[in-house]
Amino acid sequence: MNNAIEKKLALTHFWVAFGAFALACLMGIYQVIERSGFIGWIQSREVYYASTSTHGVLMAFVLTTFFIMGFGYYVATTTLKLPVWNKTFAWAGFWVSLTGVVLAALPLLTGAASVLYTFYPPMQAHVLFYIGATLLVVGSWFWCVSMLVMYMQWKKANPDQPVPLAMFATTANAILWLWTSAGVAAEVLFQLIPWVLGWVDTIDAGLARTLFAWTLHPIVYFWLIPAYTAFYCLVPKQAGGYLFTDEMARAAFIVLVVFSLPIGFHHLYMDPEQGSGWKLLHAVGTFVVTLPTFITGFTVIASLEIAGRLNGGKGLFGWIGALPWTNPLVLAIILSLLMLIFGGFGGLINASYAMNAMIHNTAWVSGHFHLIFGGTTIIMYFGIAYYFWPVLTGKPLFSNNLALIQLWTWFIGMVILTTPWHILGLLGQPRRIDKVNYNNLLTLSWEPYEITMIFGGLVLVASAGLLIYILAKTQFHVTETYDGEVEYAEPIHEVKSLPAYLNSFSMWNWVIAGYMLIAFGYPIAQFFLMKTYGSSPWGY
Amino acid sequence: MHIDQLEKKWATIALGITGLFVSVILASAFFHGIHAPSHVETIDSASLHLSSEFAEDRIGIEEDASGHITVRIVAGRYGFYPQDIVLPTETPLTFRMVSQDVIHGVHIPMTNMSTMIVPGYVAEVKTVLHHAGAYPLLCNEYCGMGHAHMWNNIKVISKAQWDVLKHPQGDASHE
Amino acid sequence: MNRLLLSLILAAPALASAAPSSQVAWTPEQLNFVKAGNAQKGRELAAPCTACHGTIGISETPAFPSLAGQLPTYLFKQLQDYADSSRDNPIMTGIAKGLSKQDMADLAAWFASQPASPAAYDSADLKNAETLVTQGDNERLLVPCEVCHGNDGKGQKLDIPALAGQQADYLSATLNAFKDASRHNDVYGKMRLIAKTLTEKEIEELGVYYQDMK
């Protein structure tokens, strides 16, 4: 199999993802400078909010979805040794999603959809924004179907065999995404679009927020699972070692999928439309979903330790230095795990029910998700890109050193950007302001952090440029060839057979359905049982 | 399924850590009544000024016989009304807040007076303020171009001062 | 000091009267009613309006506002407020009382459909006004005018009125009326609170600023 079709599929998706990323980074640096208020002539509310809305959509929806789809197609084909199920179907999904992006971009870039990437009604954007968002999600469902079909094809051809771990994770992610996107799909199809088109006069903002909260937490695991897939299935090999355990990895992916879904109300802790009992239930579930990350940390670090010791590292910590820090994927995971410690810690704070009041909707939240997503998750996307690019393009990486510099600068920039951001939140600065206008002494304490954040942004935007440079140079200017293939990590203990609950999803889908019914059943039904008053459309 | 001994130990520790967090949260909720603000109550945001509870002459402070204060606030682009609010320290406060238009958030920085104000619903927060001073009330959910301008100052005075003002010396009558 | 505080506390709903500022509430039914106004019918009804408000809804008398291109919701609300005395004007009160709700919706639809007034005068030095409009004033808790009334001064839903091209005298008179609360049909006193913080000079400059805005 020469995988030419799959390589093209993956590369095209990756370029859309990183193209969106580059554009969004430029907006990011504009935003951090504008918000500080230090440069007068760039101040503009309209531009700021159009930028933030576009930046959010590009980073949170376009970069992620396209990267995940590209990664999934190539992982599926190489780990199952099967061609992509239906080339036309896969490309159709790509075009549906890309069309959605373009449609949404039009109002976003012209300030007609400055409703931010959360688009909470009753602020109303141009109808093309909602249609575009819908198409982006629908296109991704094509990918989900492709993954499921390939998974089932392989299972049929290999009954009772353990599904290769990387595909198990990818299939889990596809299933997760179908469950996850149902919430926002319901909000968009049944509430937003009829309301924007004028078929209904009002929209219930409480129901809309609840449906969006359904999606809002598991989506971050949809983004994270490819990073974890690299953690378990790619890095140990690159580091020169073995995966500590295959079974616990599967268990982690399953718990991640099952428990990321029924916990969305930790995004609604401060909301009036849901009762505290339900919020408390979701809080407990939120802590359960931290467990697979704790486990992953252990397994992954243990795997790295094996590699370090095989490489000659001695002593309690000597193996760390013995790891191949000059391998971009290995460097990426080290930096990713460092950011996971602080990002994860911040997440525990956010999850802590009533304590959430101290940081809800403050700058802490923005700092948190830039660190955990823009840091932990995205740096792994970069690492994966550096590993996959030679395979997909058939050219060796343009410069390994530049790749290492790019990863280090991304890490450093992210730390400089997000640390003051967290502190600003603790000092009470609200989210989503374009400038500080409050006539209160408190705001004086914010200024030094605003300045520091600008430096973080500058480092990050340079790092982003370097990423694109390396990937483009590799694909278009390198003349040597490379014909390696993706190598997947092997576990120390080979897995010959697995119980059904670690090798299939049918049972888990039922468990998810049950949990979702408990966690969201009444909380959604209540909107239809009590008298609610919807809102008419408002502008911004 | 083979699980390494070390991994089992770590899983136990992880379970212990999360169990601790969950226990503390549940204990503080059930035994100390510490909850996220929740009070599912609907209201017609289009006709607040015609309602009885949020009529223009009823918003602001209401003190009941036992000294408990209810603060009624209407959030609407771009302010929190009424704009002049004075409150005492060390007094149970119930904030009841509604939105005239879109979703707002309201937070007094570094306190737990924080909630989303969703049109169609009454947001209720119970708290006690401990320090006198000027407390900014900041909108923290994007509500339009004026979001960064949407704020207010609540003046908090000591309970002693409040009592003197409400019940001047020698005046035995009550509100 | 204590007396000031006491009066603040006791008069906290300082701008209240016993009755609501306006009886108009923008429920979906009310919005749909206004939206369904018949502009052609409104045109016929508008014949007597031209004497004061101009032949095409663009006023030639400084004291009388232009109505062309105004938000229909805003126009409907003002007529309704005149009719039930939420807003007082010796001329308009009588006129409004003679109109049915449907008439009001039709008139609103007609005037809203007319092209708004273009700017008429050269702008003087209006830096102060421009600052108030674009930045507000943090110390006075003054929100910039444009975040509600639009960057282009064309107003915003649901019923924030367009100001661009409006008669300067009328605008200034209106701000002064809000300032002394003789006009009090703004729900929750939003405009009264704003106008109270403005000086006479600022009010005058703001009137001219918006009149000049294209």
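Above this note sits the structure.
As the structure is a prediction and not an experimental result, all values here were calculated from the model. Chains are numbered independently. Their residues run from 1 in the order of the written sequence. Starting at A for chains and at 1 for ligands, labels are handed out in the order in which the entities are written. Note on the predicted model: pLDDT of at least 70 is required for a residue's local features to be given, and 80 or more for side-chain atom pairs to be given and counted; whole-chain, interface and lining totals, by contrast, use all residues. Derived side-chain values reflect all non-hydrogen atoms in the structure, with water molecules and hydrogen atoms excluded from consideration.

> Tell me what's going on with the sheet that holds strand β7 (residues 114–117) of chain B, and back it up with residues and numbers.
Whenever strands of a sheet pair, they do so through backbone hydrogen bonds, lying parallel or antiparallel. All names here are of chain B. In space, the five strands of this open sheet follow the order β4-β10-β9-β6-β7, with mixed pairing throughout. The open sheet has two free edges, formed respectively by β4 (85–88) and β7, since each of these has just one partner strand. Neighbour-to-neighbour, the strand axes of this sheet turn through a mean angle of 25°, independent of strand direction. Two elements, strand β6 (residues 104–107) and β7, share four bridges in a ladder whose sense is antiparallel. If you follow Val106 over to β7, its bridge partner there is Thr115. Note: two strands are recorded as paired if DSSP finds a minimum of 2 bridges between them. In this description a helix means any DSSP run of H or I spanning at least four residues, a strand means any run of E spanning at least two, and both kinds are numbered starting from the N terminus. Helix axes use the C-alpha atoms of the stretch in contact, all axes being lines fitted to C-alpha atoms, and the angles between their N-to-C directions lie in the range 0 to 180 degrees.

> Would you mind going over the pattern of salt bridges in detail, with residue names and values included?
Residue and element names in this part refer to chain C. Each reported salt bridge corresponds to a side-chain nitrogen of Lys or Arg within 4 Å of a carboxyl oxygen of Asp or Glu. Tallied over the full model, the rule gives 20 salt bridges over all chains. One salt bridge connects Arg140 with Asp137, and the closest N-O pair in it is separated by 2.9 Å. Only protein chains enter the accessibility calculation, which uses a 1.4 Å probe; a residue whose area is less than 20% of its type maximum is buried, one above 50% is exposed, and one in between is partly exposed. Given a relative accessible area of 25%, Arg140 falls into the partly exposed group. On the basis of relative accessibility, which here comes to 22%, the residue Asp137 falls in the partly exposed class.

> A description of the packing of helix α10 (residues 276–288) of chain A against helix α17 (residues 506–529) of chain A should follow, citing residues and the corresponding values.
Residue and element names in this part refer to chain A. The interhelical angle for the contact between α10 and α17, taken along N-to-C directions, is 160°, at an axis separation of 10 Å. Looking at the two axes, α10 sits roughly antiparallel to α17. α17 is crossed by α10, and the crossing has left-handed handedness. Each of Trp278, Leu281 and His282 in α10 lies in contact with α17, whose residues at this interface are Ile518, Ala519, Phe520, Tyr522 and Pro523. Along the lines of polarity and charge, the residues of the contact of α10 with α17 split into seven nonpolar, one polar and no charged. Between 65 and 115 degrees an angle is taken as roughly perpendicular, under 35 as roughly parallel, over 145 as roughly antiparallel, and anywhere else as oblique. Throughout, a crossing is termed right-handed when the near helix is turned clockwise from the far one, and left-handed when it is turned anticlockwise from it by less than a right angle. In what follows, residue pairs with any heavy atoms lying within 4.5 Å of each other are defined as contacts. Polar here means any residue other than Ala, Val, Leu, Ile, Met, Phe, Trp, Tyr, Cys and Pro, which are nonpolar, and Asp, Glu, Lys and Arg, which are charged; Gly is therefore polar.

> Please provide a residue-by-residue account of the interface of chain C and chain B, values included.
Contact residues are listed per partner, giving 35 residues for chain C and 30 residues for chain B. Between chain C and chain B we count zero salt bridges in total. Polar contact is the term for a pair of N or O atoms within 3.5 Å; when the atoms are in protein, one must be able to donate a hydrogen and the other to accept it, and sequence-neighboring residues count only if both atoms are side-chain atoms. The interface formed by chain C and chain B includes ten residue pairs in polar contact (both at pLDDT 80 or more). Secondary-structure elements contributing two or more residues to the side of chain C that touches chain B are α1 (2–10), α9 (146–149) and α11 (190–196) of chain C. Per-element tally for the side of chain C that touches chain B: the top contributor is α1 of chain C, with six residues.

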